[in-house]
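# Coordinate inspection notes
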Amino acid sequence: QKEVEQDPGPLSVPEGAIVSLNCTYSNSAFQYFMWYRQYSRKGPELLMYTYSSGNKEDGRFTAQVDKSSKYISLFIRDSQPSDSATYLCAMSAKANFNKFYFGSGTKLNVKP
Amino acid sequence: DVKVTQSSRYLVKRTGEKVFLECVQDMDHENMFWYRQDPGLGLRLIYFSYDVKMKEKGDIPEGYSVSREKKERFSLILESASTNQTSMYLCASSPGGTDTQYFGPGTRLTVL
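Residues numbered from 1 in each chain as written. Chains lettered and ligands numbered in written order. Predicted model: local features only at pLDDT ≥ 70, side-chain atom pairs only at ≥ 80, totals over all residues. Heavy atoms only, no water.

Take the sheet that holds strand 6 (residues 54-58) of chain A next. Residues and elements named next belong to chain A. Spatially, the five strands line up as an open sheet ordered 1-3-8-7-6, and their pairing is antiparallel. Edge strands, defined here as strands with exactly one partner in the open sheet, are strand 1 (4-6) and strand 6. Averaged over all pairs of adjacent strands, the angle between their axes in this sheet comes to 15°, without regard to strand direction. In terms of strand pairing, strand 1 meets strand 3 (residues 19-25) through three bridges, oriented antiparallel. (Pairing = 2+ DSSP bridges. Helix = DSSP H or I, 4+ residues; strand = E, 2+ residues; numbered from the N terminus. Axes fitted to C-alpha atoms, helices over the stretch in contact; angles between N-to-C directions.)

Next up, the structure:
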């Protein structure tokens, strides 16, 4: 069983839709949770970072962590064609925060 | 802004060649990482370094070595390239004591 599971998609939505991207994990020691956005043929760029449980909002993006269910989500409001990319979740434990566990990524396509 | 640069965007090499991939970061970060990214497998850690001349093996170090002679520079070496090392190679860096990693643009290596 992988440490982090993420649906690869692709997920196709119309412009303006609310997008929900999710990851599940098995290690209850994870406390740091990240979302990266990766455009085609580019490196991942850090989008959101949350520590422990709760929500964090940044513009059109909201990251949500539910540690009791071992489930994290990224919501994108008013999605734009420029949001079309692969979204990777990543997480690490406090004891070894340099060791990241990545999901395999969800490919999102926002249609104009 | 954190800047992580990689020496080549695209590289084509022959089986058996020695290959050097170089990564430079300009933010005085303690930690540097090398990953490879393959479809369906996500990002896998090859090696990381937490200080000059210090290195630790990641999940898939076989067939690779690294060098960190200066704080800003981290090199990945394929001693004898093989076709199964065809992949996207991503370098990342992070400040010491924190958990966010910043990625370079990647090097797409093809071994023929």
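Another point: the state of the cysteines. In the structure shown here, the tally under the stated rule is two disulfides over all chains. There is a disulfide in this structure between Cys23 of chain A and Cys89 of chain A, and the S-S distance comes to 2.0 Å. Between Cys23 of chain A and Cys89 of chain A, the disulfide has an S-S torsion of -105° and is therefore left-handed. Of the two residues, Cys23 of chain A is situated in strand 3 and Cys89 of chain A in strand 9 (residues 85-93); the sequence distance between them amounts to 66 residues. Residue Cys23 of chain B pairs covalently with Cys91 of chain B via a disulfide, S to S 1.9 Å. Between Cys23 of chain B and Cys91 of chain B, the disulfide has an S-S torsion of -75° and is therefore left-handed. With Cys23 of chain B in strand 3 (residues 19-25) and Cys91 of chain B in strand 9 (residues 87-94), this pair connects stretches of sequence that are 68 residues apart. Pair check on accessibility: Cys23 of chain B and Cys91 of chain B agree, each one buried. (Disulfide = S-S within 2.5 Å. Buried < 20%, exposed > 50% of the residue type's maximum accessible area, 1.4 Å probe, protein only.)

The subject of this paragraph is the side chain of Ser75 of chain B. Residue and element names in this part refer to chain B. Relative to the helices and strands, Ser75 resides in strand 8 (residues 73-78). Judged by relative accessible area, which is 12%, Ser75 ranks as buried. The residues touching Ser75, leaving out its near neighbours within four places in the chain, are Leu21, Glu22, Trp34, Ser65, Val66 and Ser67. (Contact = heavy atoms within 4.5 Å.)

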